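Each chain, written out:
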Amino acid sequence: MVEVKVDLADHSYTIHILADGISQVGQLLKGLPLSGKALVVTDENVCPLYADKLTGSLAAAGFHPAVIAVPPGESSKSLATADMLYTQAITLGLDRKSPIIALGGGVVGDLAGFVAATYLRGVPFIQVPTTLLAQVDSSVGGKTAVNHSLGKNLIGAFYQPGLVVIDPLALSTLPERELKAGLAEVVKYGVIADNTFFRYLNDRAGAILARDPATLAEIIGRCCKIKADVVAQDERETSLRMILNFGHTIGHAVEAVGGYSEYNHGEAVAVGMHAAALISQSLGLCSSEDVIELKQLLNRMGLPLAAPGYRPGELFSYLVRDKKVISGKINWVLMTGIGQVKISREVTEVTVRAALEQVI
Ligand code: ADP
Ligand code: ZN
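Residues numbered from 1 in each chain as written. Chains lettered and ligands numbered in written order. Predicted model: local features only at pLDDT ≥ 70, side-chain atom pairs only at ≥ 80, totals over all residues. Heavy atoms only, no water.

Asks: Explain the sheet that holds strand β9 (residues 163–166) to me, please; I cannot follow it from the model alone.
Replies: Sheet strands line up and pair through hydrogen bonds in the backbone, either parallel or antiparallel. The strand order across the open sheet formed by 7 strands is β1-β2-β9-β6-β5-β3-β4, and the pairing between neighbours is mixed. Sheet topology places β1 (2–8) and β4 (64–70) at the edges, where each strand pairs with a single neighbour. Adjacent strand axes in the sheet meet at a mean angle of 15°, parallel and antiparallel pairs treated alike. Of the strand pairs in this sheet, strand β6 (residues 125–129) and β9 are connected by 2 bridges, and their pairing is parallel. Bridging from a neighbouring strand, Gln-127 pairs with Val-164 of β9. Packing against the sheet, helix α3 (residues 79–92) makes contact with β3 (37–43) and β4, and its axis sits at approximately 160° to β4. Each of β3, β4, β5 (100–104) and β6 touches helix α4 (residues 106–118); the most contacted strand, β5, lies at about 170° to it. (Pairing = 2+ DSSP bridges. Helix = DSSP H or I, 4+ residues; strand = E, 2+ residues; numbered from the N terminus. Axes fitted to C-alpha atoms, helices over the stretch in contact; angles between N-to-C directions. Contact = heavy atoms within 4.5 Å.)

Asks: Sorry, what's going on with the side chain of Thr-215 here?
Replies: Topologically, Thr-215 is positioned in helix α9 (residues 213–233). Thr-215 gets classed as buried once you look at its relative accessible area, which sits at 3%. Beyond its immediate stretch of four places on either side in the chain, Thr-215 contacts Tyr-200, Arg-204, Ala-207 and Ile-208. (Buried < 20%, exposed > 50% of the residue type's maximum accessible area, 1.4 Å probe, protein only.)

Asks: Please explain the packing of aromatic side chains as it appears in this structure.
Replies: Geometrically, a pair of aromatic rings is defined through the distance of the ring centres and the angle of the planes. Tallying each qualifying case throughout the model produces 2 aromatic pairs. Ring geometry for Phe-197 against Tyr-200: centres 6.4 Å apart, planes inclined by 15°, an arrangement best described as stacked. With Phe-197 and Tyr-200 both in helix α7 (residues 195–203) and 3 residues apart, the pair spans about one turn of that helix. Sitting above the plane of the Tyr-189 ring, Lys-188 keeps its charged end 5.0 Å from the centroid. The lysine or arginine in question, Arg-353, covers the ring of Phe-316, its NZ or CZ lying 4.5 Å from the ring centre. (Phe/Tyr/Trp six-rings, centres within 6.5 Å; stacked < 30°, edge-to-face > 60°. Lys NZ or Arg CZ within 6 Å of the ring centre and 35° of its normal.)

Asks: Any chance you could explain the coordination of the zinc ion (ligand 2) here in plain terms?
Replies: Octahedral six-donor coordination of a metal ideally yields angles of 90 or 180 degrees, compared with 109.5 degrees for tetrahedral four-donor coordination. Surrounding the zinc ion (ligand 2) are the protein donor atoms Glu-185 (OE), His-248 (NE2) and His-265 (NE2), at 1.9 to 2.1 Å. Of note, the zinc ion (ligand 2) draws all its donor residues from one chain, in the sequence arrangement E-x62-H-x16-H. Of this pair, Glu-185 sits in helix α6 (residues 176–193) while His-248 sits in helix α10 (residues 248–257), placing them 63 residues apart in sequence. A relative accessible area of 0% means that Glu-185 is categorised as buried. (Donors = N, O, S within 2.8 Å, 3.2 Å for Na, K, Ca; no water.)

Asks: Help me out: how do you make sense of the pattern of salt bridges in this one?
Replies: Two side chains of opposite charge can pair, provided their charged atoms sit close to one another. All told, the structure shown has 16 salt bridges when counted by the stated rule. Glu-74 is paired through a salt bridge with Lys-77; the nearest N and O atoms lie 3.7 Å apart. For Glu-74, a relative accessible area of 33% translates into the label partly exposed. Two residues, Arg-211 and Glu-176, come together in a salt bridge whose shortest N-O distance is 3.2 Å. Taken as a pair, Arg-211 in the loop between α8 (205–209) and α9 and Glu-176 in helix α6 lie far apart in primary sequence, 35 residues in all. (Salt bridge = Lys/Arg side-chain N within 4 Å of Asp/Glu carboxyl O.)

Here it is as structure tokens:
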């Protein structure tokens, strides 16, 4: 078992990474000041796989869980679905101490977290992420949100969980493409913070893709630790936390141009990291060998390096619409080597367009 402590200014919690952790959630909750009613939010794919295990563990610990499964996919991250969950919570009589437990990927985590943050002005929130992406990314950091018809994640709150339980065995049923999407974020952590971890990923790529549980537990723990350290230093994303957006500026544009269906988040971030590396190289911040190493690892993980057929102009127009643009300038996260990044607001349009030309 690996434990990562997340220490924030006014709140701290533990991430438990343990094989068959889903069966131990009830036990782990016993120490917290909670009432007996609990609401498990999951999706229709994850529900038949893991909900019984979770509710069994909750019941054994004296909880009375109700389960609601929403349709899988981004469309469930809506105010309409949140409203349905509020209705259920009220009808079930959930009180201020009743936990809302997210069992699923990022969609379920963001949605259930948003409901937990707002129902009765906030009730205890427990995360049991079941995709690699959610395990290494959205389960740390306290961002919750639903989408608006005019944009993704526009309605949300920072809201920290009371406990996170990560079960690497749950990844055994994850579709291949989803696993790889999570690996893009894993590679990102190596690039932004940890050269040794980057090399470890290279060495262990076979075991990772074969979903060896011990290796997965190890890499999830390392990623959570890196993210927890960054978030602890900058909870509200005013400065340092921006480094977590490495590959995401162009990645978001790739996702948007593809109508959020052609490339998933991780694939788009892989293309975005490649482009960010090319920008870094053209500014003399990193070497061509660094870029080659990144490309090789992404390749090994089965991730795309380019979005063929996309037009640079179209991608560029999405860049400036990204909500992280402050006073007209993009905060670029650039590589200064494998394991180190810096933020720059001084990248010219010509440099960006030249990099985009190389990833289409
Ligand atoms: P993300 O975490 O990538 O944001 P989603 O919440 O959209 O992802 O989940 C991606 C897909 O994987 C969904 O269709 C979801 O139902 C499915 N899924 C999540 N976890 C598992 C799992 N452990 N096994 C099988 N399918 C899963
Ligand atoms: Zn991401």
